[in-house]
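Understanding the architecture of this molecule
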2 protein chains.
Amino acid sequence: MSENFADRLTAAIIGKSSQVCVGLDPRLDSIPSVILEEHRPAEGANGCGRSEAAAAIEQFCAGIIEAVAPSVAAVKPQLACFEPYGPPGIRALRHTCRRAAEAGLLVIADAKRGDIGISAESYSAAFIGRPRGLEGDLDNFGADAMTVNPLFGSDGVEPFIRDCAGYGKGLFVLVRTSNPGASELQALELSGGGTVSDRLAGMVVDWGRDLVGESGYSSIGAVVGATDSSAIGGFREMMPGVFFLLPGYGAQGASAGDVAAAFDSDGLGALVTASRSIIYAGNDASYAEAAAAAAERMRVELWEASH
Amino acid sequence: MSENFADRLTAAIIGKSSQVCVGLDPRLDSIPSVILEEHRPAEGANGCGRSEAAAAIEQFCAGIIEAVAPSVAAVKPQLACFEPYGPPGIRALRHTCRRAAEAGLLVIADAKRGDIGISAESYSAAFIGRPRGLEGDLDNFGADAMTVNPLFGSDGVEPFIRDCAGYGKGLFVLVRTSNPGASELQALELSGGGTVSDRLAGMVVDWGRDLVGESGYSSIGAVVGATDSSAIGGFREMMPGVFFLLPGYGAQGASAGDVAAAFDSDGLGALVTASRSIIYAGNDASYAEAAAAAAERMRVELWEASH
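As for the overall build of chain A
On a plain count of helices and strands, chain A comes out with 12 helices and 8 strands. Rg of the C-alpha trace for chain A: 19 Å, near the compact-globule value of 19 Å for 307 residues, within the 12% margin. A separation of at least 24 residues holds for 75% of the contacts in chain A among residues at least 6 apart in sequence. When the accessible surface of chain A is split by element, carbon and sulfur atoms take 48% of a total near 10100 Å². If you average the places of the 23 positive and of the 38 negative side-chain charges in chain A, the two averages end up 3 Å apart.

In structure tokens form, the structure reads like this:
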């Protein structure tokens, strides 16, 4: 486990012939009703409590993981979808991360955490490091990597980087997000030239210098939205050796052609995420088969567009 | 509870004659050993498991809340300090929030969450809104407000603002953080004039327009670090009617004089947070008395400097 994260990710991509990462964004109002029915507490109840909700999303994620495992390199559980269910939700997240690891998938905790000093250390400990002063079962979520928000600057990101170095883990730092509002702040032009995102790109390159693996990529990667396809090539040039995590494929509108510029000539260096277009490809009892087919289709599309 | 958050906060400040918010940042290696000993599972163990750790930090926070309640308007639990302990940690956070509310304190969840679309909705639901499709005990953490990271732009913040409007809750949006690295990104000069933080300040003013209460302040506030005291007056001018949450007092170096420019002529419109200088004022069995004294001293210092 102390192997370089970028090397482990590269091996997984080559091993599966897949640059696909499935986003696990389970929502109570989107998962198949057959699953909800199993966990509905009583006749006549319109909704369920936190424990039942958490059990339902955990079961749904388990089905998705098993279904997509042959076609994908990694999964990306979205923390926001588990937190509303309190302690049972966090337990469901933990089980989901473990189940994905047991299925041979890399786990990227989509936490988008960001803070300073001791707080940044604690967030890192929760997801990729080890809490101080504890004995026993120390690997909280067992994630291989996590997403972080760089608004705080270097001293906010360094605690995470230290744990990447110490435990063979990885980061994906937000550089350019896939939403329309991203332009309001991230695309602002700086008086010294370039945009806020460009500056972030330079910072990510610096932060990752000491964690470059045998693959030529660093364990400190970047989130680059796939929805602005014209920008991807520019970011690739600015960040050689930086692994890209590209959200925005499928439901958000990006295609295999849109993300082609993110890959190197071997089809490596980038992982493309999709969530809704895969996990909600079917919404009845055959949801897992539908997800498996959608994941395999995406795998083939990306592999062919990049090779 | 559907009253305007800024009005509730203003009433709390006037009622307590206090602009103090105590940061609840419990750390296993900093809390008094008398508390840890109580929760140590077995003879000879060097550390404890997650459940014991969570019980220890919950007990510590309970002692702090009771001790500081007479002198402070609000508490600010730091999510990062609870997450490393998994489900028991989240349970401890929930109990801590409820205990603070029962003690008559406003609760600001220092979550610094940020995401887009459905994920932003889910984070908001976890802390200040209501998860969809659930019945029963819907108020997860019972927070009155939370901190958010605005890197995503308007569509990342809007889901939180909707819940503020719907449930009488508040936000504090990161505009300028208190760490040295803040300058790397937040202080960058834009080609159109001003800095990244200045632009964020303008966005916060816009986001809060519809949630201004009778106090003249909006429920959409701003985090402005107290450590760069020369900048506070400028932010005050840029953001009239925006409640400030100022970290950096005490252990991080800022004094009552440094933050004076954040208040209006009535001593209102800002809440100053301190954590380590209060919660770790004593580190033995009398830690609560030491925290009470430190909180009261800070209350008097701020009240006198702003009146």
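A look at the sheet that holds strand β6 (residues 218-224) of chain A
Note: strands within a sheet are paired through backbone hydrogen bonds, in either parallel or antiparallel orientation. Residues and elements named next belong to chain A. Read once around its circumference, the closed barrel built from 8 strands follows the order β1-β2-β3-β4-β5-β6-β7-β8, with strand pairing classed as parallel. Across this sheet, the average inter-strand angle for adjacent strands is 30 degrees, counted without regard to direction. When strand β3 (residues 106-113) meets strand β4 (residues 145-148), the two strands line up parallel, connected through 3 bridges. Across the sheet, residue Arg-113 finds its bridge partner in β4, namely Val-148.

Overview of the packing of aromatic side chains
Evaluation of the coordinates by the stated rule reveals 10 aromatic pairs over all chains. On the numbers, 5.1 Å between centres and 20 degrees between planes, the contact of B:Phe127 with B:Phe141 is stacked. Residue B:Phe127 is located in helix α5 (residues 117-127), and its partner B:Phe141 is located in the loop between α5 and β4 (145-148); the two are separated by 14 residues in the primary sequence. Each member of the pair, B:Phe127 as well as B:Phe141, carries the same accessibility label: buried. A network of ring pairs unites the aromatic residues A:Phe60, A:Tyr280 and A:Tyr287 as a single cluster. Over the face of the ring belonging to A:Tyr167 we find A:Arg130, whose NZ or CZ atom lies 4.7 Å from the ring centre. For the cation-ring pair, B:Arg236 lies above B:Phe244, with the distance from its terminal atom to the ring centre recorded as 3.9 Å.

Here's the deal with α5(B)
By the criterion of burial, α5(B) is predominantly enclosed, with 8 of the 11 residues buried. Where α5(B) is buried, its residues meet β3 of chain A together with β3 (106-113), β4 and α6 (154-167) of chain B.

Some thoughts on the interface of chain A and chain B
Each partner contributes to the interface: chain A provides 73 residues, whereas chain B provides 73 residues. When the two sides are added together, the surface that chain A and chain B hide from each other amounts to roughly 5900 Å², 56% of it contributed by carbon and sulfur. Linking chain A to chain B there are 4 salt bridges. Between B:Lys112 and A:Asp115 there is a salt bridge, with the nearest N and O atoms lying 2.9 Å from each other. At the level of elements, α3 (50-68), α4 (86-102), β3, α5 (117-127), α6 (154-167), α7 (182-186) and α8 (196-208) of chain A are the ones that each hand at least two residues to the side of chain A that touches chain B. When residues of the side of chain A that touches chain B are assigned to their parent elements, the largest contribution, 7 residues, is made by α5(A). The residue makeup of the side of chain A that touches chain B, split by class, is 32 nonpolar, 20 polar and 21 charged.

Some details on the relation of the copies chain A and chain B
The transformation that overlays chain A on chain B combines an axial shift of 0.0 Å with a rotation of 180 degrees, and the residual RMSD is 0.0 Å. Each copy turns onto its partner about a two-fold axis. Both copies contact each other with a shared surface, as 100% of the interface residues of chain A are interface residues in chain B too.

Section: the side chain of A:Lys112
Here A:Lys112 lies in strand β3. At 2.9 Å, the side chain of A:Lys112 forms a polar contact with the side chain of B:Asp115.

Concerning the pairing of β3(B)
Residue and element names in this part refer to chain B. Among the 8 residues in β3, 8 count as buried, and that is most of the element. The alternating pattern of β3 places Leu-106, Ile-108, Asp-110 and Lys-112 and Val-107, Ala-109, Ala-111 and Arg-113 on opposite faces, both of which are buried. Two elements, strand β2 (residues 74-77) and β3, share 2 bridges in a ladder whose sense is parallel. The residue of β3 that forms the bridge with Ala-74 is Leu-106. As a crossover connection, the stretch from β2 through helix α4 (residues 86-102) into β3 is right-handed.

Regarding the packing of helix α3 (residues 50-68) of chain B against helix α12 (residues 287-305) of chain B
Residue and element names in this part refer to chain B. Across the interface, α3 lies against α12 with an axial gap of 8 Å and an inter-helix angle of 45 degrees. As the angle between them shows, α3 and α12 are arranged oblique. Of the two elements, α3 crosses α12, and the hand of that crossing is right-handed. Counted together, Gln-59, Phe-60, Gly-63, Ile-64, Ala-67 and Val-68 of α3 and Tyr-287, Ala-288, Ala-291, Ala-292 and Ala-295 of α12 form the full contact between these two elements. A breakdown of the residues in the contact of α3 with α12 according to their chemical character gives 9 nonpolar, 2 polar and no charged.

Let's talk about the pattern of salt bridges
Under the definition given, this model contains 22 salt bridges over all chains. Here A:Glu83 makes a salt bridge to A:Arg113, at a shortest N to O gap of 2.7 Å. Taken together, the residues A:Glu83 in the loop between β2 (74-77) and α4 and A:Arg113 in strand β3 connect sequence positions 30 residues apart. Like A:Glu83, the residue A:Arg113 is buried in the burial classification. With a closest N to O distance of 2.8 Å, B:Arg8 and B:Asp144 form a salt bridge. Here the residue B:Arg8 occupies a position in helix α1 (residues 5-16), and B:Asp144 occupies one in the loop between α5 and β4, the gap between them amounting to 136 residues.

Calculation criteria
- Counting of residues starts from 1 at the beginning of each chain's written sequence and follows it residue by residue.
- As a convention, the first chain written is A and the first ligand written is 1, with the rest following in written order.
- Totals for whole chains, interfaces and linings use every residue, but because this is a predicted model, local features are given only for residues with pLDDT of at least 70 and side-chain atom pairs only at 80 or more, for both listing and counting.
- In computing side-chain properties, one takes all heavy atoms of the structure into account and sets aside hydrogens as well as water.
- Strands here mean DSSP runs of E at least two residues long; helices mean DSSP runs of H or I at least four residues long; both are numbered from the N terminus.
- Radius of gyration here uses only the C-alpha atoms, and the compact-globule reference equals 2.2 Å multiplied by the residue count raised to the power 0.38.
- Throughout, a residue-residue contact means that at least one pair of heavy atoms, one from each residue, lies within 4.5 Å.
- Shrake-Rupley sampling with a 1.4 Å probe provides the accessible areas, and residues are treated as covered by the protein chains on show and by no other component.
- Lys and Arg are tallied as positive, Asp and Glu as negative. Neither His nor the chain termini are counted.
- Every charge is mapped onto a representative atom, which is NZ of Lys, CZ of Arg, CG of Asp or CD of Glu.
- Here the rule is simple: two strands pair whenever DSSP picks up at least two bridges between them.
- Axis definition: a line fitted to C-alpha atoms, limited for helices to the stretch in contact. Angles are taken between N-to-C directions and run from 0 to 180 degrees.
- Centre distance within 6.5 Å is the pairing criterion for rings of Phe, Tyr and Trp, where only the six-membered ring of Trp is used; planes under 30 degrees apart are then read as stacked, over 60 as edge-to-face, and the remainder as tilted.
- Only protein chains enter the accessibility calculation, which uses a 1.4 Å probe; a residue whose area is less than 20% of its type maximum is buried, one above 50% is exposed, and one in between is partly exposed.
- The rule for a charge over a ring is simple: NZ of Lys or CZ of Arg within 6 Å of the ring centre, and within 35 degrees of the ring normal.
- Buried area: the sum, over both parts, of the accessible surface (1.4 Å probe) that disappears when the two are put together.
- Definition used for salt bridges: Asp or Glu carboxyl oxygen within 4 Å of a side-chain nitrogen of Lys or Arg.
- Polarity classes work like this: nonpolar for Ala, Val, Leu, Ile, Met, Phe, Trp, Tyr, Cys and Pro, charged for Asp, Glu, Lys and Arg, and polar for all others, with Gly in that last group.
- Copies are brought into register by a least-squares superposition over C-alpha atoms of residues with pLDDT of at least 70 in both.
- N or O atoms closer than or at 3.5 Å make up a polar contact, with two conditions inside protein: a donor-capable atom paired with an acceptor-capable one, and, for residues adjacent in sequence, both atoms drawn from side chains.
- For the handedness criterion, the strands are oriented away from the viewer, and a crossover whose path from the first strand over the helix to the second runs clockwise is classed as right-handed.
- Working rule for angles: under 35 degrees goes down as roughly parallel, over 145 as roughly antiparallel, 65 to 115 as roughly perpendicular, anything else as oblique.
- Crossings are assigned a handedness: left-handed for a near helix turned anticlockwise from the far helix by less than a right angle, right-handed for a clockwise turn.

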